Every structure is written in C-alpha cells, then in structure tokens.
Amino acid sequence: MTAAGEEPTASINNIATQGIWASGPTINPAVVQVARALLAALEDEAAGTAGALPAELSELVAGVRERASIGFPRIVASDGIRLSAFSIKLNDGKPHPVVIVPAGWSPYGWLPFAYSYLTLAQRGYHVLAYTPRGIGDPALPSTSEGTVDVAGPKDWADGSAVIDYAQAHFDPSGIGFLGESYGSGISQLVAAHDPDARVSAVVALSTWGNLATSLYANGTRHLAAAQALIAFTGGPMEDKFDEETQQILTDFLHGQNLDDVVAWATERSPASCVKLTNKRRIPTFVSNTWHESLFPAGQTIDMFTRLTVPKRLNMWTGDHGAPEGPGLSGLLTSLPFPGLREPMREAYEWLDHHLLGADNDVSGRPEVSNQVMFTYKTAPVPGGTRRITAPARRETHAAWGDVSTGSETWYLTAAAGSGDGVLAEEAANGWSRGFATGGLTEATAMDAVLQTGQKEWSGNPKTYDLEKFDRSQLLVWATEPLSGRSGVARRIRGAATVRITVRSTDDAATLVAYLFDIAADGTARIITHEPYTAADLTPNTDRTLSWQLQPAVYDVAEGHRLALVVNSRDQLYSFAGTDGGTITVGSPGGQDAGVEIPLG
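Overview of the structure. Quick caveat, the model's predicted, so the values are computed rather than measured.

Cut-off values and rules
Residues numbered from 1 in each chain as written. Predicted model: local features only at pLDDT ≥ 70, side-chain atom pairs only at ≥ 80, totals over all residues. Heavy atoms only, no water. Helix = DSSP H or I, 4+ residues; strand = E, 2+ residues; numbered from the N terminus. Rg over C-alpha atoms; globule rule 2.2 N^0.38 Å. Buried < 20%, exposed > 50% of the residue type's maximum accessible area, 1.4 Å probe, protein only. Contact = heavy atoms within 4.5 Å. Areas by Shrake-Rupley, 256 points an atom, 1.4 Å probe, with all protein chains shown as cover. Lys, Arg positive; Asp, Glu negative; His and termini not counted. Charge placed at Lys NZ, Arg CZ, Asp CG, Glu CD. Phe/Tyr/Trp six-rings, centres within 6.5 Å; stacked < 30°, edge-to-face > 60°. Lys NZ or Arg CZ within 6 Å of the ring centre and 35° of its normal. Pairing = 2+ DSSP bridges.

## A look at the overall build of the protein chain
Tallying secondary structure elements over the protein chain gives 17 helices and 31 strands in all. On C-alpha atoms alone, the protein chain measures out to a radius of gyration of 25 Å, which is about the 25 Å that the 2.2 N^0.38 rule sets for 600 residues. In terms of overall dimensions, the protein chain has a C-alpha envelope of 80 × 50 × 45 Å along the principal axes. Counting across all 600 residues of the protein chain, residues that qualify as buried make up 60%. In the protein chain, the share of contacts with a sequence separation of at least 24, taken over all contacts with a separation of at least 6, comes to 76%. Accessible surface for the protein chain amounts to roughly 21900 Å². Of this, 48% is attributable to carbon and sulfur atoms. Between the averaged position of the 44 positive side-chain charges in the protein chain and that of its 66 negative side-chain charges there is a distance of 4 Å.

## Brief notes about the packing of aromatic side chains
Summed over all chains, the structure comprises 20 aromatic pairs. For the ring pair Trp105 and Tyr182, a centre distance of 4.8 Å and an interplane angle of 85 degrees mean the geometry is edge-to-face. Of this pair, Trp105 sits in the loop between strand 6 (98-102) and helix 5 (114-123) while Tyr182 sits in helix 7 (residues 182-193), and the two are 77 residues apart along the sequence. For Trp105, a relative accessible area of 10% puts it in the buried group. Aromatic rings pair up to connect Phe72, Phe86, Trp110 and Tyr117 into one cluster. Here Arg433 stacks its cationic end above the ring of Trp477, 5.0 Å away from the centre of that ring. If you follow Lys462 out to its NZ or CZ, it ends over the ring of Tyr464, 4.6 Å from the centre.

## What to know about helix 14 (residues 297-306)
When you tally the buried positions in helix 14, you get 7 out of 10 residues, the bulk of the element. Along helix 14, the positions that sit buried rather than exposed are Ala297, Gly298, Gln299, Thr300, Ile301, Met303 and Phe304. Along its buried surface, helix 14 packs onto helix 7, helix 8 (211-215), helix 13 (274-280), strand 12 (284-289), strand 13 (311-316) and strand 14 (368-371).

## Some details on the pairing of strand 24 (residues 497-504)
With 6 bridges joining them, strand 24 and strand 27 (residues 543-548) adopt antiparallel strand pairing. Its bridge partner lying in strand 27, Thr497 is registered against Gln548. Alignment of strand 24 against strand 31 (residues 594-599), held across 3 bridges, turns out to be antiparallel. Across the sheet, Val498 pairs through a bridge with Val595, a residue of strand 31.

In structure tokens, the structure reads:
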C-alpha cells in the first residue's frame, strides 16, 4: 500500500461502489488491502497515524487500541486441530459480552472483516473471530488446520471449543454469534447444538436455511454455486476435504447417489435444528437477498417462518453478501450512496439489544422487512454506470404470511401475430408450442454468480432485450401493457407458481422459468426464476408440471408488461435431456397452463 494514504481511501471507496466480490468469483482485493492496513495499525500505532489510513479509520483503531488488547490465538479443537483466531479483549474491568465471528468461506479466513471486529469492540464487545477448520490458503496465518467439514458436526464441536476459549479468556457477560455466508450457517448450528446452550443471540447474514435444497431442488442441481464454493476454499479439493466429503461432492457434480448428498446436506442445515433453536429461545436475525445465487431466498424464508423465537428477516436487493459486505469490510461516513450502512447497522442493533441490553427499538420492530427491488432512484456517473441517490423502499410486516394478500392467474395461450404467446386473463385450451433443448440462451438468471446481483445492489441491475432471445430455443408469453394506480400496475409479493403441460422427445427434461418486467422501451429486468427437472418422463407423452419460482417483492410500473420465458438450460444449473431434443409446451383439453402471481 502506498504511504501517501490515497490507496486505503481509494480501496474503501472501491468496496463501497464495487462491492466485496471480484471476478472468479474472488474477494475484491480492496477488501484485503483495507483489512491488512487496519491490522497493521492495530499492531503499530504509527501505521494508523502516518497517513496509511484515512483519519476516520485511524480514530477507530486508536480508540480500540486505547481500551483493548489484541491477540492472534490458535484455539485447539477437541481432536487437536488448531483454529486460527483473532481476538479483541476490552480491558476496562467491566463485564462485556463477547461476539464470536466464524469466518466466511474464502481463502482469507477471518482476515477480510477486520473492520467489523473493530466496530464491535467500539460498541462494547469482546470479539473473537476464527477460521473454521480447513478454510483458507495454507500460506496465510488466518488459515486453520484440518479439512473442511462444511458446517458438519466437527464444526459444531469446534464452535463449542471456541466458546470454551472465550469464557476462559474474556469471562463474558453473554455470548453472541455473528456470521456472514458460511459463518452464518455455522453460527446457527453451533447455537443450536452447543451442549451447554451458551449462545444468547445470533446474527446470520447471507445465510442458508436448508443446504440440501440450496444445492438440489426441483430435481435440479445448482452446479454453478457448488463449483464456485469448491473453487473458493484456498486449495484443491483433494487437499481441502476428507475422502468422505470428496465423494459427496463428486457424486453431486456427477448427479449420482443424490439421496446420500441430500442426507449429508440436510444434517448441515439450520432448518434441521429449528426445534432446538426454538427450545433454547435463541433470538435470531436473518439477512438474505432476492437474487441470491448460492442460497436461494425461498429456503431461507421457509426456515425463518418455522422459528418461534424473537426473530427478524431482512430481504434486500442483490445477491450474496452484497448488502452486508461493505459494512463488514470498511466504510467511511461520506457514503457513496444512501442506505449502504443500513444492513449492518440493524444487525449490530440486534446484538446490542439482546447482549448489551440496549434500550433501542429492536423489540418493537416487525419481524419482516422487505426491500422492494429496484425502487431506488439513481443518477449517471462517469464510466457509464449509475449511483443510487435515494434508497429502495422497504416494507415491513408482522410475519412473512402477511406479505401476500391475494393472487391472480395469467393463462398461457397460443402464439400471437408476433410469434410469442400471450399471458391472458382467460384460459385457452388445445394449443401447443415447441422449442429445441440444450442450448444456452440470452434468457439467463445472471451473467456471473455474485457479481450480477452485486451490481443490482449498487443501482445497476442487468437489463435484457427480449427481442434478442432465440425463439427456437425458448418460449415467451407476455401480457399487454398493464394499468394500475399511483404509477404501479402490480405489486408482486411472494412466490409465483408456474403450471404447464409438457411433452419431451427425451425421458427427462429440464425447464427454467423466468418472470420478466418489460418496460415501454422494450428493455426488461428479471423479477425471479426457478428451474425444474422431470426425470421420469415417457417420451412424446404429456405431463403436467407445477413449481414455484423464488419469492420476490417487486413493483411493476404502469404501462409495463409481464413476461414468462421458459427454456431448457441456464448456466447455473444441471441439464437433463439431449442437445437438439424438443420440448413441447401446451394446454390440452382440461389442462390449463398459467402462472399464478402473488400480490400484496
């Protein structure tokens, strides 16, 4: 880093505007640069005062140095594995709770979120961050020994060993867990399984509820997500996982022994221990995104609805880690766009209420807060992108069940003069339309895992041109321009359901359904999507299929059109069938085809 101080400030601004993910996907180098600068300043006061950090962060570091001791312990697990950790111990002699932070799934272990550890200490917490076993690049000190257990029983036991260490070294007044991504699932699982029930509150950011359905749902494997995770551990699969886990991952990638894969993933799911969480009354804060590519929103919401503890669900625009990432990695008061601090501010306030006894309004907040996708206002900036000038609107509800208040069904019909089908208010039978299978098309949920949704969060959602969609490889149905009141034609709230009758030339078929919003100028944005694979078809025989798309909270503007697109392949998912086969979608007598839209 440069001595002039320009690079740290530029790095922090880069995190705020570009996000925490770079292509690959990998961690944005700016995140690591800021974290290393903060740690250097903690260890050497001169590093924080000689221009290596902006004044605001220098003051943060100085405040923590003045009141705390910094440590880099190695915590020994029950089987002798040593876990890399980072600690901040407040030295004022007063009782303080400890926040334990299991690291996310990255080659850098606990390193990237050093800013959040300082922020927690400033708020009055001891802090103990650690890298789960096997995670990290062996060349880095923030890497732990062992092989990755993927949030399994060894990770649960490790979490309890970390609690033992925290009790011995901090004598805390309470224990909370805060985790992002991988660390969020581990946080929930440790809280539920700790033998002595010592966890008093959990914050789970960009989390999962059911790992099994995150990886494999509707008969379809979420390949891109699994491949990204495997590549992101900091080493080759044979070095990072034990033989049993390697076999599970290999089976998943090849689509074999999937019952074993599901059982393995189910054990690692917070949804599987909801009864324990409820019995222990662990207050649980959950954050997720509408276009989450690793842990789709639906399974997290399903888990959340089963919790009977004090709870909060925040749903945001974007993808995995995008809303919380800047607040964990480094922010300055001069934010590049409004609303950037909110995801972590509310997470910290949850801990303050349940661990510090803060008299804030957390107990009076509704259980559910949904950000309405793309309702932010933006302005152009140099480089051809846009920046948010007013944050997207948020809606609160007492429970998830209150989000949808009704529904309407749009029926699929035969092709109109444009060659596309129509979404109509009346059912039509006796028609059929076919397309060729196996080809990737312009209709895709995202261009890149993590990055497309990260741009959504910062005000730059992907736009589509449906005119460029190759109709030989997909089908399109669209409404006429929609009318409404106060500028909104439809308030989509919840999970849409697609029902179609298909006939395939193969004995298996994958279908991916997408719901788009088409503006008056022809540009479109994706609202939601979901794949479905039927593996036991009789070739050239009709089968009626029905499946839910991922939940969404989205306002369709007056004059816009809704479009349903169905193809056979998306880069995110496994594909069943053959290249060049044919799928025919229709509505034979008595079998209406349509999409049911939830409204609120």
